[in-house]
Amino acid sequence: MCLGVPMQVLEINDDTVLAEIDGVQREASLMMLGEPVAVGDYVIVHAGFAISRIDPAEAEETLRIMREIFTPEDMA
C-alpha cells in the first residue's frame, strides 16, 4: 500500500528535502511541488516526492489518525 505521509522538513538541498516523522527520515524530491518550502514546514511525501505543503495542525491531526489505524511497521 502506498500512502502520502506528512513529514517535517529538516534540510533543503537544491531540489530535494530531508524530511522526518517519528524518527524515520526520507529524502524527497521537490520536483512536483509548486510552492516554496522552508525548514520546519510539513509536506506530504509520496513515492519519493514532496507533493504538497500542509498546515502543521492538519499534519498533526492526520498523523494522529494514521497512528490509530496503522501499526509502526505499516508506517515504516
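For the structure, see preceding data.
**Q** How would you sum up the pairing of strand S4 (residues 42-46)? Please name residues and give values.
**A** For S4, the buried fraction is high: four of the five residues fall into the buried class. Alignment of strand S1 (residues 5-13) against S4, held across four bridges, turns out to be antiparallel. Bridge assignment links glutamine 8 to a residue of S4, and that residue is tyrosine 42. When S4 meets strand S5 (residues 49-54), the two strands line up antiparallel, connected through five bridges. Across the sheet, the residue bridging to valine 45 is alanine 50, located in S5. Connecting S4 to the antiparallel partner S5 that follows it, the hairpin turn spans two residues, and alanine 47 within it adopts a positive phi of roughly 55°.

How each quantity is defined
- Residues numbered from 1 in each chain as written.
- Predicted model: local features only at pLDDT ≥ 70, side-chain atom pairs only at ≥ 80, totals over all residues.
- Heavy atoms only, no water.
- Buried < 20%, exposed > 50% of the residue type's maximum accessible area, 1.4 Å probe, protein only.
- Helix = DSSP H or I, 4+ residues; strand = E, 2+ residues; numbered from the N terminus.
- Pairing = 2+ DSSP bridges.

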